[in-house]
Amino acid sequence: MSQKTEENNEKKTREDNSRRDFLKLGVFAAGLTVAGAGLQKAFSEEKETGEKVKVLTTEGKVVEVDTAHIKKAEVCCVSPKESREGIPNKKWVMVIDLSRCKHALKCQHSCQKYHHLSGMNVWLKVFKMQESENTAPYWMPKPCMHCDRPPCVKVCPVSATYKRSDGIVLVDNERCVGCRFCMAACPYSTRSFNWEEPELLSETTGETYSPERGFPQKRGTVEKCDFCPDLLRQGKLPHCVAACPNGVFYMGDMTEDTVTNGDETLRFSQLMKDKSGYRLNDILGTHPSVYYLPPVNRLFPFKEPVAENSDKEKKAE
Amino acid sequence: MKNETTAVDSVLMNKYEAMHDELLRPIQKTGLAGKIWIGFLFCVFFAGVFAFYTQETKSKYETISLNNYTMWGIYISNFVFFVALSLVGALMSAVLKLTNFEWYRPLSRIAEVIAVAAIMFAGVGIIVAMGHPERLYFLLTHGRLQSPIIWDIVVIITYFVATSLFLFIPLIPGISQLSNHLKDKPKWQMWMYKKLSLSWRGTPEQWKIVKRCITILAILIIPLGISIHTVTAWLFASTLRAEWNSTNFGAYFIAGAFLLGVAAVIVGTFFFRKYYRFEKYLTDSYFDKMGKMLVFLSGVYFYFNINEYLVPAFKMDSMHSQYLLDEFTGKDAILFWLVFLFGIFVPAILPLFKSMLKPWPLTVIAILVVIAAWFKRYIIVIPGLSHPYLPIQNVPHSWTHYVPSLIECMVVAGIFAAALLFITLFSKFFPIISVWEVAEGDGVSLEKINLLSKKA
Ligand code: SF4
Ligand code: SF4
């Protein structure tokens, strides 16, 4: 009995703290409100400003570049080697609230756009799920699970895919030999292969490659959802989280026990308790970093998007 | 008494001398049929090279039928087939040699050359499947020991070295004979024989070394052979895919490989016998024995198949059910049952009839077994990929079912041609039956064997 009160007390204080804790994550949330604008600035067609500055390249040469490009370099400057270290003292976690998903696909579109993905490879899939005939269908967005015991990492022969201290699993396409063993090993059908010269390569030519953002893509290598560590480094939310109009995705840090979808910031453990969070196919022992909240008390009724689907299929054919 | 032995000896000696001369015939001269055959293989091989070039320079969506769901296709299943085939070296030569199955001696070189060709081109089969073949060396510079691919590479390379030596070392006494006996051969060829014979003179020490090497290799090759195929099975069994998630896989693959190996030796023996006119040495009795081996090994393979299919079929859990139903009665059923019929039932039952143990019928059976074995690997690899845990949605229709493209078939055909070319050319440069081993098996002493090689 007393133990229980103690537990309750503890919970209370934790809840009290939650607000203050969230100030810590404030950067995060604030980054988010401007995220729309900020991201647009950072990624949309960058107009040359005409202003040139001198910079030192990695080879030690001095070159003159437009200031517009400087900004880009700030967005991503983590080399493949550095990208093997996680962001210090973080353990990223994502929560996907299935009760809020109405298949708007904004997450997917923004992911595809900002990662310059061609039509065939989709990093963030949205499945129509239905466990059995008599159960209700629901939409399930599915990024990479960033498994804590990742089967893909286990099988990679050259360490082209790796697990970092902050929980993120990345692929380095300068290392990948294209054996596709990781694709066979991933039980979540997460990974895609660049079967051809990436379609949107021209958009990204000249960009420095970093596994942290996954482009420019390379033919003959594997790619997948990366949790947008380049954004996380700047205290911004991943593209899918920021793009979802319904706040389906929450991103957060396990060490701070907080997650946010941009509008609200919650205690991760409490959220799991209150809404019976679960992980996908946890029975496989992969220990995913993505948690789901079951599709109960839904915001939207389930509706098949007839037109859109056939559109997509046509495009894909 | 003594006189009697010498009489027997001289009869034997005459026999081996005749055999020796006859075995040189295919090396001395290549007939029209042989030339056409070699030319044909070269054409298929170059077509394969061209197909590979096309595949690497064009979009793989157009050239090959693989996709993000079926990411491994016939390149990988063909790789498994070749690895299985290479096991023949371990089974036929090593096991039979160590267990004193003397009858096997004339067939050992055929088995070894098949094994070396198979393991060599299994490696090539992996390279054509890679996204970045030019990064192959990363496996050495960045290899990570916990990946089953690294285990596979390590055992394949070791096995390749061991089988090559196992082919080469018994050849040394034979090579020295070649340089004495062949006429009108280009200089480089004679030079090659000279170098390869490693200044063999047939001294007792040399014989001792050769014999010891052969024994050591024969022992080594058995665990190596078992490892290569077990580890290859683990490439699949070590993933979480329900269809491959089986502890039976290693043994199941090995059993299949042994069956395939015997079938391949039957086919090889038949064609060498027929086209090199070696009926005198590769007699009907070998077919009789190998037919019986087929029956036995099909039984063993059948047992592992039962384990592999019946137990999951009994449980029908939702992870397995779709895949099993597809194979038993669904879209893969025809192939599945044909493979069962020709891959297990035919070789298990037909050779029980005496008339089927003759070269012709048995070779037909063996060819069927080889073809079924190729498709068996196909139905292990490909349907194993088409039932992931999460649904396949919003993808082009072609992604949901895999049919190998023309380019893929051409590349695989090219690999086959290259392997056959290797075997054919080998038999054009070296005797395909090891005379001294056969003679030794008949009890001829080493000094006599030495005499045989000196005769010019
Ligand atoms: S979901 Fe797949 S790709 Fe992502 S970490 Fe897990 S096994 Fe690897
Ligand atoms: S395809 Fe690339 S990332 Fe995947 S296992 Fe092979 S080398 Fe590693």
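Predicted model only: the values in this text are computed from it and were never measured.

So, how was this worked out
For every chain, the first residue of the written sequence is number 1, and numbering continues from 1 along that sequence. Chains carry letters from A onward and ligands carry numbers from 1 onward, assigned in written order. For this predicted model, a pLDDT threshold of at least 70 governs which residues receive local features, and a threshold of 80 or more governs which side-chain atom pairs are given and counted, while totals over whole chains, interfaces and linings are taken from all residues. Where side-chain values are given, they derive from all heavy atoms of the structure, hydrogens and water being excluded. Each helix is a run of DSSP H or I of at least 4 residues and each strand a run of E of at least 2, with the numbering of both proceeding from the N terminus. In this treatment the radius of gyration is a C-alpha quantity, and the globule benchmark scales as 2.2 Å times the residue count to the 0.38 power. Relative accessible area decides the class of each residue, using a 1.4 Å probe on protein chains only: under 20% of the type maximum gives buried, over 50% gives exposed, and in between gives partly exposed. Should any heavy atoms of two residues lie within 4.5 Å, those residues are considered in contact. Note on areas: these come from Shrake-Rupley sampling with a 1.4 Å probe, and a residue is covered only by the protein chains present in the view. The charged-residue count follows a simple rule in which Lys and Arg add positive charge and Asp and Glu add negative charge, with His and chain termini not counted at all. Charged side chains are reduced to one point each, which is NZ for Lys, CZ for Arg, CG for Asp and CD for Glu. The near set for a molecule or strand comprises every residue that places at least one heavy atom within 4 Å of it. In this classification, Asp, Glu, Lys and Arg are treated as charged, Ala, Val, Leu, Ile, Met, Phe, Trp, Tyr, Cys and Pro as nonpolar, and every other residue, Gly included, as polar. Any residue with relative accessible area above 30% and no salt bridge may belong to a patch, with like charges joined within 9 Å and the nonpolar Val, Leu, Ile, Met, Phe, Trp and Tyr side chains within 5 Å. Here, a salt bridge means any side-chain nitrogen of Lys or Arg that lies within 4 Å of a carboxyl oxygen of Asp or Glu. As a working definition, buried area equals the accessible area (1.4 Å probe) given up by two parts on being put together, with both sides summed. Any pair of nitrogen or oxygen atoms within 3.5 Å is treated as a polar contact; in protein, a donor-acceptor pairing is required on top of that, and neighbouring residues in sequence qualify only through side-chain atoms on both sides. Throughout, the protein atoms alone are placed on a 1 Å grid, and a set of points is a cavity if a 1.4 Å probe fits but cannot get out or a pocket if it is open with protein on both sides within 12 Å along at least five of seven lines; lining residues have an atom within 4 Å of a point. Grid points are joined across faces, edges and corners, and a volume is the space filled by probe spheres set on the points. When DSSP locates at least two bridges between a pair of strands, those strands are taken to pair. In this analysis, axes come from line fits to C-alpha atoms, helices being fitted only over the stretch in contact, and the angle between any two N-to-C directions falls in the range 0 to 180 degrees. For a helix, the expected span equals 1.5 Å multiplied by the number of residues minus one. Ring geometry is summarised as follows: Phe, Tyr and Trp rings, the Trp one being its six-membered ring, pair when their centres sit within 6.5 Å, and such pairs are stacked at plane angles under 30 degrees, edge-to-face over 60 and tilted between the two. For classification purposes, angles smaller than 35 degrees are called roughly parallel, those larger than 145 roughly antiparallel, those between 65 and 115 roughly perpendicular, and all remaining angles oblique. Helix crossings fall into two classes, left-handed where the near helix is turned counterclockwise from the far one by less than a right angle and right-handed where it is turned clockwise.

Undergrad: How should I be thinking about the overall build of chain B in this particular structure?
TA: Within chain B one finds 18 helices and zero strands. Taken over C-alpha atoms, the radius of gyration comes to 24 Å for chain B, in line with the 23 Å a tight globule of 456 residues would show. Considering only C-alpha atoms, chain B reaches an extent of 85 × 50 × 45 Å along its principal axes. Expressed as a percentage of the 456 residues in chain B, the buried residues total 56%. Taking the contacts inside chain B whose residues are at least 6 apart along the sequence as the reference set, 83% of them involve residues at least 24 apart. As displayed, chain B has an accessible area near 19,600 Å², and 72% of this comes from carbon and sulfur atoms. Each charge sign in chain B was given a centre, from 38 positive and 27 negative side chains, and these centres are 7 Å apart.

Undergrad: Looking at this structure, I do not really get the site of ligand 2. What am I missing?
TA: In the vicinity of ligand 2, the contacting residues are Cys156, Pro157, Val158, Ala160, Thr161, Cys176, Val177, Gly178, Cys179, Arg180, Cys182 and Val222 of chain A. Among the residues making up the shell around ligand 2, the classes are represented as nine nonpolar, two polar and one charged.

Undergrad: Help me understand a nonpolar patch on the surface in this model?
TA: Residues and elements named next belong to chain B. A contiguous nonpolar surface patch, about 1,000 Å² in accessible area, is contributed by Phe302, Ile306, Leu310, Val311, Ile334, Leu338, Leu341, Phe345, Ile349, Leu352 and Phe353. Of all the secondary structure elements, the ones that give two or more residues to the nonpolar patch are α12 (284-315) and α14 (333-349). Looking at which element gives the most residues to the nonpolar patch, the answer is α14, with five residues. With respect to the helices and strands, the residue Ile306 is situated in helix α12.

Undergrad: Explain the interface of chain A and chain B here, please?
TA: Much of the literature gives interface size as the accessible area that the parts lose upon coming together. On the chain B side, the residues contacting the 50 residues of chain A number 44 residues. Buried area between chain A and chain B, both sides added, is near 3,900 Å², and the carbon and sulfur share of it is 58%. Among the residues chain A hides against chain B, the three largest losses belong to Phe181, Trp195 and Arg219 of chain A. Together they make up 19% of the total. In this assembly, chain A and chain B are joined by zero salt bridges. The interface formed by chain A and chain B includes 25 residue pairs in polar contact (both at pLDDT 80 or more). Residue assignment for the side of chain A that touches chain B shows that the elements contributing at least two residues are β4 (125-129), β5 (138-142), α6 (151-155), α7 (181-185), β8 (192-193) and α12 (306-316) of chain A. Of the residues belonging to the side of chain A that touches chain B, the class tally is 26 nonpolar, eleven polar and 13 charged.

Undergrad: Help me understand the layout of surface pockets in this model?
TA: Left-over empty space is what a probe sized like a water molecule reveals as it rolls over the atoms. Residues and elements named next belong to chain B. Put simply, the largest pocket is a space of about 1,200 Å³. Taken together, 33 residues form the lining of the largest pocket, with Trp37, Val267, Phe271, Leu420 and Thr424 sitting closest to its centre. Of all the elements in the fold, those that place two or more residues in the lining of the largest pocket are α1 (2-28), α2 (32-57), α4 (74-98), α5 (108-129), α11 (249-275), α15 (359-381) and α16 (406-429). When residues of the lining of the largest pocket are assigned to their parent elements, the largest contribution, seven residues, is made by α16. The residue inventory of the lining of the largest pocket, partitioned by class, reads 23 nonpolar, six polar and four charged.

Undergrad: What is the right way to read empty space enclosed by the protein from this model?
TA: Residues and elements named next belong to chain A. One pass over the structure, following the stated rule, counts twelve cavities of 30 Å³ or more. A volume near 100 Å³ is recorded for the largest cavity. Lining the largest cavity are 16 residues, with Val171, Tyr209, Gly214, Glu223 and Lys224 positioned closest to its centre. Elements represented by at least two residues in the lining of the largest cavity include exactly β7 (169-171) and β9 (222-223). For the lining of the largest cavity, the element with the highest residue contribution is β7, accounting for three residues.

Undergrad: How should the sheet that holds strand β13 (residues 290-293) of chain A be read in this particular structure?
TA: Remark on secondary structure: sheet strands pair via backbone hydrogen bonds, oriented parallel or antiparallel. Residue and element names in this part refer to chain A. Here five strands make up an open sheet; going across it, the order is β12-β11-β10-β3-β13 and the pairing mixed. Only two strands of the sheet have a single neighbouring strand rather than two, namely β12 (265-267) and β13. The sheet shows a mean angle of 25 degrees between the axes of neighbouring strands, taken without regard to direction. In the sheet, strand β11 (residues 258-260) pairs with β12 via three bridges, with the strands oriented antiparallel. Bridging from a neighbouring strand, Thr260 pairs with Thr265 of β12.

Undergrad: Hey, could you run me through the site of ligand 1 in this one?
TA: Surrounding ligand 1, one finds 13 residues, the nearest of these being Cys144, Cys147, Cys152, Cys186 and Arg191 of chain A. Across the shell around ligand 1, the residue classes break down as nine nonpolar, two polar and two charged.

Undergrad: Would you mind showing me how to read the pairing of strand β3 (residues 92-97) of chain A here?
TA: For a regular strand, side-chain orientation follows a simple rule: the groups alternate between the two sheet faces. Residues and elements named next belong to chain A. Judged by how many residues are buried, β3 sits mostly within the fold: six of six residues are covered. Of the two faces of β3, the one lined by Trp92, Met94 and Ile96 and the one lined by Val93, Val95 and Asp97 are each fully buried. Looking at chain direction, β3 and β13 are connected through four bridges and run parallel. Pairing of Met94 across the sheet is with Val290, part of β13.

Undergrad: I'm lost on the pattern of salt bridges in this one. Help?
TA: Pairing of side chains with opposite charge becomes possible as their charged atoms draw close. Residue and element names in this part refer to chain A. For the coordinates displayed, the defined rule picks out 21 salt bridges over all chains. Put simply, Glu264 and Arg100 hold a salt bridge, and the shortest N to O gap is 3.0 Å. Here Glu264 is found in the loop between β11 and β12, whereas its partner Arg100 is found in the loop between β3 and α5 (106-114), with 164 residues between them in sequence. On the accessibility criterion, Glu264 (29% relative accessible area) is partly exposed. Classification of Arg100 by relative accessible area gives buried; the value is 18%. Linking Arg233 and Glu212 is a salt bridge whose minimum nitrogen-to-oxygen distance equals 2.8 Å. With a gap of 21 residues between them, Arg233 in helix α9 (residues 229-233) and Glu212 in the loop between α8 (201-204) and β9 connect regions that are remote in the sequence. By relative accessible area, Arg233 is classed as partly exposed at 36%. Overall, Glu212 belongs to the buried group, its relative accessible area being 1%. When salt bridges with common partners are traced through the structure, they connect Asp97, Arg100, Glu264 and Lys275 into a single cluster.

Undergrad: Is there a simple way to explain α5 of chain B in this structure?
TA: The α-helix winds at 3.6 residues per turn, so residues separated by three or four positions along the chain end up facing the same way. A rise of 1.5 Å per residue sets the reference length of α5 of chain B, with its 22 residues, at 32 Å; its end C-alpha atoms lie 32 Å apart and thus fit the reference within 8%. Burial of α5 of chain B is extensive: 17 of the 22 residues sit out of reach of the surface.

Undergrad: Is there a simple way to explain the packing of aromatic side chains in this structure?
TA: Any two aromatic rings considered together are summarised by their centre-to-centre distance and by the angle between their planes. Residues and elements named next belong to chain B. A full pass over the atoms with the stated rule returns 48 aromatic pairs over all chains. For the ring pair Trp188 and Phe429, a centre distance of 5.9 Å and an interplane angle of 55 degrees mean the geometry is tilted. With Trp188 in helix α9 (residues 187-196) and Phe429 in helix α16, the pair connects residues that are 241 residues apart, well separated along the chain. Since its relative accessible area comes to 21%, Phe429 is described here as partly exposed. Aromatic side chains Phe426 and Phe430 sit 5.1 Å apart centroid to centroid with 40 degrees between the ring planes, which places their arrangement in the tilted category. Residue Phe426 is classed as buried on the basis of its relative accessible area, which comes to 9%.

Undergrad: Would you take a moment to explain the environment of Leu271 of chain A for this structure?
TA: Relative to the assigned elements, Leu271 of chain A resides in helix α11 (residues 268-275). Expressed as a C-alpha distance, the spacing of Leu271 of chain A and Thr258 of chain A, which sit 13 residues apart in the sequence, is 9.3 Å.

Undergrad: Help me understand the packing of α12 of chain B against α15 of chain B in this model?
TA: In helix packing, the relevant descriptors are the interaxial angle and the interaxial distance, both defined with respect to the helix axes. All names here are of chain B. At a minimum axis distance of 11 Å, the contact between α12 and α15 shows a crossing angle of 30 degrees. When the interaxial angle is binned, α12 and α15 end up roughly parallel. The hand of the α12/α15 crossing is left-handed. Between α12 and α15, the contacting residues are Asp284, Phe287, Met290, Gly291, Leu294, Tyr301, Asn305 and Tyr309 on the first element and Pro359, Leu362, Thr363, Ile365 and Lys376 on the second. By residue class, the composition of the contact of α12 with α15 is eight nonpolar, three polar and two charged.

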